[in-house]
Amino acid sequence: MGTENPNRPNYPLRPASTPFSAPQSTTPFLSSGPVLGSEASAFRPAPPSSSQFPTLPFSAGPLVGSESLGFGPPPSARPNELVRPHPSLQSSYGPPTTGFQRFPAPPLPSTDHTQHPRASLSGPPVVPPPTRLQGGSVSSEASFFSQPQPPSISMGSPPQNIKTGQFYSNIPPSTDQPFSPSRQNVLPISPMMGPSQATARGTSQSAFPGYASAQPYSSAQVPPVRPPFPSQAGGYAPPPPPAPFVAQPRGYMPGPPVTTSSVPYSRDQVQLHGMAPPIASQGLVEDFSSLSLGSVPGSFDSGLDVKALPRPLDGDVASKSLAEMYPLNCDSRVLRLTTGGIPNSQSLASRWHLGLGAVVCPLAESPIGDEVPIVNFGTTGIIRCRRCRTYVNPYVTFTDHGRKWRCNICSLLNDVPGEYFAHVDANGRRVDLDQRPELTKGSVEFIAPVEYMVRPPMPPLYFFLIDVSISAVQSGMLEVVAQTIKSCLDNLPGSTRTQIGFLTYDSTIHFYNMKSSLVQPQMMVVSDLDDIFVPLPDDLLVNLSESRIAVEAFLESLPSMFQENMNVESAFGPALKAAFMVMSQLGGKLIIFQNTLPSLGVGRLRLRGDDIRLYGTDKEHTLRVPEDPFYKQMAADFTKYQIAANVYAFSGKYTDIASLGTLAKYTGGQVYYYPSFLSVIHEDKLRHELTRDLTRETAWESVMRIRCGKGVRFTSFHGNFMLRSTDLLALPAVDCDKAYAAQLSLEETLLTTQTVYFQVALLYTSSSGERRIRVHTAAAPVVADLGEMYRLTDTGAVVSLLSRLAIEKTLSNKLEDARNFIQLKIVKAFREYRNLYAVQHRLVGRMIYPESLKFLPLYGLALTRSTPLRGGYADAQLDERCEAGYTMMALPVKKLLKLLYPSLLRIDDCLVNSSARADDFDISKRLPLTSESLDTRGVYIFDDGFRLVIWFGRSASPDIARGLLGEDLGADFSKISLSQRDNEMSRKLMKIFQKSRESDPSYYQLCHLVRQGEQPREGYFLLSNLVEDQTGGASGYADWFMQLHRQVQQNA
Ligand SMILES: [Zn+2]
C-alpha cells in the first residue's frame, strides 16, 4: 500500500534484484500465471475466455476473487463459470478407495453426503463414503460432511472500483503453473497412506538418516512422552560441565553463607565508587566516571574494585536529557536516539563509534491516560509540507498572521488551508492550540482519507498453517493450538470484519471449506505436491462471524481428527505456497505451526545441522543463513501481498530455524520457539504467547518511513521487515512488540542548523477498517562537541543498535568476529572519550568513561554472551541461536536490556516473613548477576523476560520448598510445573510471578525450578546466564573491564 505520499509520484523502485521491482505488468493474466492478483478478479470484466486459458481447470481470477472476501454486499451477478463443472474435480474428488483410515472420524455428526459445491453438477461426493476406522468399527460418517449447498455463498461485494497498486499489478510470473490442467491431485484421501503404509512409513523410515544418533530418539519413532531433561530444556544439553561449573576461581559454588544484610554489593557502594574521579573539575565530574584499575595494566587484583563496577540494577532508565530540552518530543517508548547530540560535521561524526541512529517502536503501548490522540482533518485533508511531505507537528511555526506555516524539516513556507486557519497571538502561537493535539503532542494519529488507499482497507485476517504430523500430535501441540485459537475467537481484532482460514499438512495438504452455510467444515486433501492448486478458493477464507459455527466445529475436532496420524513427513513448502494462494487476495497474518524439518516438495530442507568443523572457518556463518532461496522468495512474495508470517517451531531436533525464520524476518513477523515442546510442560507458554499474538492490536498492510531534517539521512535499517524503496519499510503487520533500528549519516560536511527533526510515519489499516497514519515527531540539537554527544548518549539505544548490527554480522562472519565487533566499538568509543579528558587531567591508570555510558561495558559483555553470539558449537544449539537472533532483532529497547541483564531477586525473606506482603515486593530490586549474589540459605528468582528460574539454595529453609512444592518436594524438578497451592507462601510466590509477567506481557515466562548443585540444569538455566561470572571461555565482568581498559590505553 505504497501511498504514504499519495500526492507524489511513486517512490523509485529498488533495482531489479529486490522483490518489489517486478516489472509492472499491464496484462497480468497473459504475462504471468493466473495466480492471485486482486486485479485478476476485481477488474475482470468477464470470465476468462476459453481461448485464453484453454486448459486451466480453475481460472484463478474469478475463483480467487477478492469480491468474495469481505468488502460488502453480495455480488448481484457472478460469472457463470463459478458453477461450471470442473473436469479434473470429477475424478479427483471422487470417492477414495483406500486410505481413509488416516483420518479417523471425528466426533462430528453427519447429516448429508458431501459434495464439492462446484463439482456438484457433475461430480461425485467430495468426502468419501463410509470407511472402516482403525478401531475396526464401521462408520457411515466421513470426517467432515457438508450440508447441502446453495449454489453460491458470497461474503463479499462486487468488484470495487479499486485503484491499482503496484503490488496488485505486479504478479510475478509463476513457473509453477499452479492451475495447470489434467491433474488428479485433489484427493480426499491419498491412497498412498492407508494405515498399513502409514504405519510402515512411520516406523521404518528414519526421515533424517545420520541425525538420529545425535538425538534422544529418531524422528521416525514416536517421541517418548517425557524425554530426558536435556531435550526438555531446549533440545540441547549443555556440554557436561568439563570444568566450568566447578573449577573456576570463583566457581559456581557459592561462598559461605552470608546474611542478607551483607549482600555483596550494595547500590550505594556501587555509586560511591563508580562516580567520583579524584582529580576533576566540577564539570568533568558530571561528565564522566572513572574506576581505579591499578597502575600496572593487567594487574587487576591490585586495583580494581569489583564491587564498584557499575551495574544496571534499576533496569533500563531512558535518558531524560533530550526530553527536558524538547518537551514536545514523542515519548522515548517510541523513539530513542543513540545520542541526542547530532554531530555538526562529518569529522565529528567520524569520531563517534557507537552508531549514530535510532530505535523506533512505532506502536509502543501507551500508559492509560496518555493514549495517542486521534485527529481527523475531514475534508481539509491532512496538513503536510508541500515539498518534503512532513506531517504538521508541534515544531512547525506559523507566520503571516497564521496564513502560512513553515516546515520544520525542510523550512518551506506552506499555505495554511482556509479550513485550518487560526489567528496567532503575539508569540506566534495559534489561538486554537488547545484543540490541536497535532500541534502540541509528539505522537498523534491521523485518519487517512481515500488518497492513502490503493484498495479498500483490508479486514483483519488470520490464516493458520498447522503441521499435523506425528510429532505435532503426540507432543500435544495440535491440541493446545486448537484450543487456544478457539478461546481467542471472541477477541480477535476486527469484530465482524475478521476473516479466518485453516490449512493442515503432513505429507499431503488439507484444505477446509468453512462456508457459512456449513455446520461442519469440509476437508479436501491435495496430494500432488509438485503442482499445488487450491480447491474451492472462495470458501477457504471466511468471515469469522458468519462461519463461526463451522470454525468452532473444526477447532473442536482438529486434535481428534489426527490423533492416530502416524505420518512423519512435512510438505511444508507446498503448504506454504497453498497458503499464499489462499491469502494473496487480501493479505493478513499467516500463523505457522511447524514441528519437523520440511521434508517433502519444494522448500524441503536438508539436515545440514550444526557442523562443528565449520566453526572458526570462513564458512561458519553459512550454518546460520538459509540454504534454500525458496524461503526468502516466499517471504518477498508474502510481503508484496501484505502477508506477515509468524513462525511457531516446536521440534527439539534440528528444524533449520535459520531458513524458516526468514519467513518472519522479511514479512515483519516473529519467530516463536518451543524446543521439544510437550504440552504438559510448555502449554501455558504457548497458550499465552499465541493468545497475545492473536489478540494484540495489530496494524495491517503498513509502511513506515522516518523523515529527518536537511543534511542527515537514515541509510540503513535493522529488524524484521522488507525494504520497499531506499527508506520505506514494508510491514505487512506491526504491533506494539516490534522495534526497528536505523542508522543515520550526515549528507553534508557541515550542518548549519541548530536542531535536527525526525518524524516517524506509519501508514496502516486499523483492525476497525480505517486507514491511519501514526506520526511521531522529535527534535535533537546539533552539537559541535564530542563531549556533548557523549553527554546525550542513550545506552539502551546504543545497545539495541549494536546488538542488531552484531547479530547481522553473524550471518556473514564468524561468531568471534561479531563479538570482537562489539568489543572494538566500546574500546574505540572509550578511547575517544579518554582522549578528550585523560591527558589534561592525567588520569593514567584509570578507566574513564562517560557517566551516560557507564553500563555499556556490562551490556556489551552480556551481548557477547547472548544466545546469538556466545561461544561456539557447544554453547548454544544452532536452532536456538538462530531463533534468538530473529527475536532480538525485533525487541524493543527495554525488553532487550532485560534479556541481556536479567533481574535476580531474593524472595525467601518475603515468603517466610508473614508480615511481608507480596504486593509490596519490589521486583525492581535486583542483585548483581554473579554467583556471589546467591546465598545458599536463600531462594531466588531469575527473570530475563522469557523465563523465570527459581533457585533453591542448598541450605534454604525446607519449609519454603515444602510450602511451594508440597508432595512434589522430592520429585525431579525437570518434571514439575509449579502451581499454586493452598498456603500463604505459594500464593505470595504466584503473586510475585504475576507481577513479573504483567510487567511485560509480550512473552510468557515459564517457570523452571533448580536446586543448587543440580547439574546440568543449574548450569543451563542459571549459572551460564550469570553474565558477570567467568564461564568456559567467556570473560567475567572484572576481567572484561580490564581487557577494555588495556585496549583503550593502547595507542591512547
Ligand atoms: Zn518540508
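Above this text sits the structure in question.
Residues numbered from 1 in each chain as written. Predicted model: local features only at pLDDT ≥ 70, side-chain atom pairs only at ≥ 80, totals over all residues. Heavy atoms only, no water.

**Q** Outline the layout of surface pockets, supporting the account with residue identities and numerical values.
**A** Volume-wise, the largest pocket comes out at about 920 Å³. Taken together, 43 residues line the largest pocket, and the ones lying closest to its centre are Asp-316, Lys-894, Lys-895, Ser-999 and Asp-1000. Elements with a contribution of two residues or more to the lining of the largest pocket: β4 (335-337), α25 (893-900), β28 (903-906) and α28 (984-999). With 5 residues, the single largest contributor to the lining of the largest pocket is α25. A per-class count over the lining of the largest pocket returns 20 nonpolar, 9 polar and 14 charged. (1 Å grid on protein atoms, 1.4 Å probe; cavity = no way out; pocket = protein on both sides within 12 Å on 5 of 7 lines; lining within 4 Å. Points joined across faces, edges and corners; volume = space filled by probe spheres on them. Helix = DSSP H or I, 4+ residues; strand = E, 2+ residues; numbered from the N terminus. Nonpolar A, V, L, I, M, F, W, Y, C, P; charged D, E, K, R; others polar.)

**Q** Break down the coordination of the zinc ion for me, with residues and values.
**A** Coordination of the zinc ion by the protein is provided by Cys-385 (SG), Cys-388 (SG), Cys-407 (SG) and Cys-410 (SG), with metal-donor distances spanning 2.2 to 2.3 Å. Coordination at the zinc ion is tetrahedral, judged from the 4 donor atoms that bind it and the angles of 101 to 115° they form at the metal. Here the donor residues of the zinc ion are spaced in sequence according to C-x2-C-x18-C-x2-C. Relative accessible area serves as the criterion here: at 0%, Cys-385 is assigned to the buried category. (Donors = N, O, S within 2.8 Å, 3.2 Å for Na, K, Ca; no water. Tetrahedral: all angles 85-135°; square planar, octahedral: opposite > 155°, others 65-115°. Buried < 20%, exposed > 50% of the residue type's maximum accessible area, 1.4 Å probe, protein only.)

**Q** An account of the pairing of strand β6 (residues 357-360) is requested, with residue identities and associated values reported.
**A** Of the two faces of β6, both are covered, the one formed by Gly-357 and Val-359 as well as the one formed by Ala-358 and Val-360. Where β4 lies against β6, 3 bridges are found, and the strand directions are antiparallel. Note that in β6 the partner of Leu-337 across the bridge is Ala-358. Here β6 runs beside strand β24 (residues 740-746); their pairing, made up of 4 bridges, is antiparallel. What sits directly across from Gly-357, in β24, is Gln-743. (Pairing = 2+ DSSP bridges.)

**Q** Can you tell me about the nonpolar core, naming the residues and giving the values?
**A** Ranked by size, the top nonpolar core spans 186 residues in total, and within it Phe-446, Phe-464, Phe-502, Phe-593, Phe-758 and Ile-773 carry the most contacts. Per-element tally for this core: the top contributor is helix α22 (residues 815-841), with 9 residues. Setting aside anything within four residues of it in sequence, one finds Ile-773 in contact with Ile-382, Tyr-391, Val-444, Glu-445, Phe-446, Ala-448, Tyr-452, Ala-761, Leu-762 and Leu-763. Core analysis: the second largest hydrophobic core is formed by 55 residues, Phe-638, Ile-643, Leu-663 and Leu-878 among them. (Core = buried A, V, L, I, M, F, W, Y, C linked by side-chain atoms within 4.5 Å. Contact = heavy atoms within 4.5 Å.)

**Q** Account for the packing of aromatic side chains, naming residues and giving values.
**A** Applying the stated criterion to the full structure yields 35 aromatic pairs. Relative to Phe-446, the ring of Tyr-391 lies with its centre 5.9 Å away and its plane at 20°, an arrangement referred to as stacked. Of this pair, Tyr-391 sits in the loop between β7 (374-375) and β8 (397-399) while Phe-446 sits in strand β11 (residues 443-447), and the two are 55 residues apart along the sequence. For Tyr-391, a relative accessible area of 0% puts it in the buried group. Lying across the ring of Tyr-420, Arg-430 places its NZ or CZ 4.3 Å from the centre. (Phe/Tyr/Trp six-rings, centres within 6.5 Å; stacked < 30°, edge-to-face > 60°. Lys NZ or Arg CZ within 6 Å of the ring centre and 35° of its normal.)

**Q** Explain the packing of helix α27 (residues 958-965) against α28 to me, using residue names and the numbers behind them.
**A** Interhelical geometry of α27 versus α28 gives an angle of 75° and a closest axis separation of 8 Å. As far as their axial angle goes, α28 and α27 are roughly perpendicular. On α28, the residues touching Asp-959, Ile-960, Gly-963 and Leu-964 of α27 are Met-985, Ser-986 and Leu-989. Looking at the contact of α27 with α28, its residues break down into 4 nonpolar, 2 polar and 1 charged. (Axes fitted to C-alpha atoms, helices over the stretch in contact; angles between N-to-C directions. Parallel < 35°, antiparallel > 145°, perpendicular 65-115°, else oblique.)

**Q** So, the sheet that holds β8: which residues are in play, and what are the values?
**A** The strand order across the open sheet built from 3 strands is β8-β9-β10, with neighbouring strands paired in antiparallel fashion. Strands with a single pairing partner mark the edges of an open sheet, and in this sheet they are β8 and β10 (413-415). Across the sheet, the mean angle from the axis of one strand to that of its neighbour is 35°, orientation sign disregarded.

**Q** Before we move on, could you go through the environment of Leu-313 and cite the residues and values that matter?
**A** Secondary-structure assignment places Leu-313 in the loop between α10 (300-303) and α11 (321-325). As a C-alpha pair, Leu-313 and Tyr-901 span 588 residues in sequence and 8.7 Å in three-dimensional space.

**Q** Summarise helix α30 (residues 1037-1049); cite the residues concerned and give the values.
**A** For α30, which comprises 13 residues, the first-to-last C-alpha distance of 18 Å matches the rise-based estimate of 18 Å (1.5 Å per residue) to within 8%. Within the span of α30, buried status applies to Tyr-1037, Ala-1038, Trp-1040, Phe-1041, Met-1042, Gln-1043, Leu-1044, His-1045 and Val-1048. (Expected span 1.5 Å × (residues − 1).)

**Q** So what's going on with the environment of Ser-345? Residues and values would help.
**A** Secondary-structure assignment places Ser-345 in the loop between β5 (342-343) and α12 (346-350). For Ser-345, a relative accessible area of 9% gives the class buried. Those residues in contact with Ser-345, other than ones at most four positions away along the chain, are Leu-746, Thr-749 and Leu-750. Here Leu-348 takes part through its backbone nitrogen, which lies 3.1 Å from a polar atom of the side chain of Ser-345. (Polar contact = N/O pair within 3.5 Å; in protein donor to acceptor, adjacent residues only side chain to side chain.)

**Q** Got a sec to walk through the sheet that holds β4? Specific residues and values, please.
**A** Taken in spatial order, the 4 strands line up as β4-β6-β24-β21 in an open sheet, and their pairing is antiparallel. Single-partner strands in this sheet number two, and they are β4 and β21 (712-718). Each adjacent strand pair in this sheet contributes to an overall mean axis angle of 25°, direction not counted. One ladder, built from 6 bridges, connects β21 with β24; its direction is antiparallel. The partner of Val-712 across the bridge, within β24, is Leu-746.

**Q** Explain the environment of Pro-457 residue by residue, including any values.
**A** Structurally, Pro-457 is set in the loop between β11 and β12 (461-467). Put simply, Pro-457 and Glu-770 are 313 residues apart on the chain and 6.5 Å apart in space, counted from C-alpha to C-alpha.

**Q** Just give me the short version of helix α18 (residues 657-665), but keep the residues and values in it.
**A** With 9 of 9 residues buried, α18 is to be regarded as a mostly interior element. Of all the residues in α18, the buried ones are Ile-657, Ala-658, Ser-659, Leu-660, Gly-661, Thr-662, Leu-663, Ala-664 and Lys-665. Elements in contact with the buried residues of α18: α16 (572-583), β17 (588-594), α17 (629-640), β18 (643-649), β19 (670-673) and α24 (878-888).

**Q** For the packing of helix α14 (residues 477-488) against helix α15 (residues 548-561), give the residues involved together with the corresponding values.
**A** For any two helices packed against each other, the geometry is given by the interaxial angle and the distance between the axes. The interhelical angle for the contact between α14 and α15, taken along N-to-C directions, is 160°, at an axis separation of 8 Å. In terms of orientation, α14 lies roughly antiparallel with respect to α15. Once α14 is placed against α15, the crossing between them reads as left-handed. Across from Leu-478, Glu-479, Ala-482, Ile-485 and Lys-486 in α14, the residues of α15 making contact are Glu-552, Leu-555, Glu-556, Leu-558 and Pro-559. Residue composition of the contact of α14 with α15, by class: 6 nonpolar, no polar and 4 charged. (Left-handed = near helix turned anticlockwise from the far one by under 90°.)

**Q** Could you give me a rundown of the pattern of salt bridges, with the residues and numbers involved?
**A** Where charged atoms of side chains with opposite charge meet at close range, the side chains can pair. Taken as a whole and assessed by the stated rule, the structure comprises 53 salt bridges. Arg-774 is paired through a salt bridge with Glu-445; the nearest N and O atoms lie 2.6 Å apart. Of this pair, Arg-774 sits in strand β26 (residues 771-783) while Glu-445 is found in strand β11, placing the two residues 329 residues apart along the sequence. Taking relative accessible area as the criterion, Glu-445 reaches 2% and is therefore assigned buried. Where Arg-696 meets Asp-693, a salt bridge forms, and the shortest distance between an N and an O atom there is 3.2 Å. Side by side, Arg-696 and Asp-693 carry an identical accessibility label, which is buried. One network of salt bridges, with partners in common, ties together Glu-365, Lys-589, Arg-692, Asp-693, Arg-696, Asp-735, Asp-737 and Lys-738. (Salt bridge = Lys/Arg side-chain N within 4 Å of Asp/Glu carboxyl O.)

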